[in-house]
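Coordinate analysis (summary)
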Amino acid sequence: MYAFPVKTAKENSAVAPSFCKAKYFAFYDGENLNIKRNENTCGRSVMQWLLENNVKKLIIKDIGRNPYKLAQKNNFEFYYAGDNRVETVEILNKIKTSTLEKLSEQKLREIIENHNGTHHSHEHKHGNGHGHSNKNKNSFVFV
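Residues numbered from 1 in each chain as written. Predicted model: local features only at pLDDT ≥ 70, side-chain atom pairs only at ≥ 80, totals over all residues. Heavy atoms only, no water.

Describing the packing of aromatic side chains
Counted according to the given criterion, the structure contains five aromatic pairs. Plain terms: the ring middles of Y2 and Y79 are 6.0 Å apart, the flat faces sit at 50° to each other, and that makes the pair tilted. Of the two residues, Y2 is situated in strand β1 (residues 2–6) and Y79 in strand β5 (residues 77–80); the sequence distance between them amounts to 77 residues. Y79 carries the same exposure label as Y2, and that label is buried. Ring pairs connect the aromatic residues F19, F25, F27 and W49, which therefore count as one cluster. (Phe/Tyr/Trp six-rings, centres within 6.5 Å; stacked < 30°, edge-to-face > 60°. Helix = DSSP H or I, 4+ residues; strand = E, 2+ residues; numbered from the N terminus. Buried < 20%, exposed > 50% of the residue type's maximum accessible area, 1.4 Å probe, protein only.)

Listed below in C-alpha cells is the structure:
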C-alpha cells in the first residue's frame, strides 16, 4: 500500500509539502485510491496511523527524523514526490509506470536535515499527559 500526504480531500489534490501537518493522506493499493482525513498532529502518530492502514511505501516531499526512524524500523520504502507542485494523478501515473524516484539513504538524510534546519516553532501534544515545545523564546515582530 502506498500513501502520500495531500492538501485536500479531492481526488486530484496536490501533494502536501509537510508530512506531519498534512490534513489528508491518499492511500493507493495499486487499483483503488482512497483519501482519508489525518487527525494526528505529530509525525510519530501519523506513522503509527499509516502502519495501521497497512502502508509500506511512502511518497514524500519532507519528513522529520522521528517519523523516519519509525518508518525505517518497519521497513518502509521511500519515494520522492518532487520539488515542484505535483498532483495525485501524476503520482498514480508514476506508480503505474514504475517511474517514481526511490529515495537513497543519502537523499533521505538531506531531506531530514533540511526539515530539521527549517522547522519553525510549534508544539507537540503527546498522550500520557506530556508535551514539549520548540517555541523560540525571543520572538520578534517587525512592522
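A look at helix α1 (residues 43–52)
For α1, the set of buried residues is G43, V46, M47, W49, L50 and L51. The inward-facing, buried residues of α1 contact β1, β2 (24–28), β3 (33–37), β4 (57–60) and α2 (65–73). (Contact = heavy atoms within 4.5 Å.)

Re the environment of A81
Looking at the element boundaries, A81 is found in the loop between β5 and α3 (88–96). Distance from A81 to I59, taken between C-alpha atoms, is 5.8 Å for residues 22 residues apart in sequence. Once you skip the residues sitting within four places of it in the chain, A81 turns out to touch V15, I59, I60, K61, V86 and I91.

Some details on the sheet that holds β3
Ordered by their spatial adjacency, six strands build an open sheet running β3-β2-β1-β4-β5-β6, and the pairing between neighbours is mixed. At either end of the open sheet lies a strand with only one pairing partner, and these are β3 and β6 (101–102). When β1 meets β2, the two strands line up antiparallel, connected through five bridges. If you follow A3 over to β2, its bridge partner there is F27. Taken strand by strand, α1 contacts β1, β2, β3 and β4, and its axis lies near 30° from that of β2. Here α3 sits on the sheet and contacts β1, β2, β3 and β4; the angle it forms with β1, its principal contact strand, is near 160°. (Pairing = 2+ DSSP bridges. Axes fitted to C-alpha atoms, helices over the stretch in contact; angles between N-to-C directions.)

Structural notes on the nonpolar core
Counting residues in each nonpolar core, the largest one holds 26 residues, and the members touching the most others are F19, F25, L50, L58, I63 and F78. Of all the secondary-structure elements, those providing two or more residues to this core are β2, α1, β4, α2, β5 and α4 (105–118). Broken down by element, the residue count for this core peaks at five residues, all from α1. Every residue in contact with I63, bar those within four places of it in the chain, is listed here: F19, L58, Y68, F78, I111, I112 and H115. (Core = buried A, V, L, I, M, F, W, Y, C linked by side-chain atoms within 4.5 Å.)

Some thoughts on the pairing of β5
Examined bridge by bridge, β4 and β5 share four bridges and lie parallel to one another. Directly across from I60, in β5, lies its bridge partner Y80. In terms of handedness, the path from β4 via α2 over to β5 forms a crossover that is right-handed. Strand direction decides the pairing type here: β5 and β6, joined by two bridges, are antiparallel. (Right-handed = clockwise from strand over helix to strand, strands pointing away.)

Any functional reading would require information beyond the geometric quantities listed.
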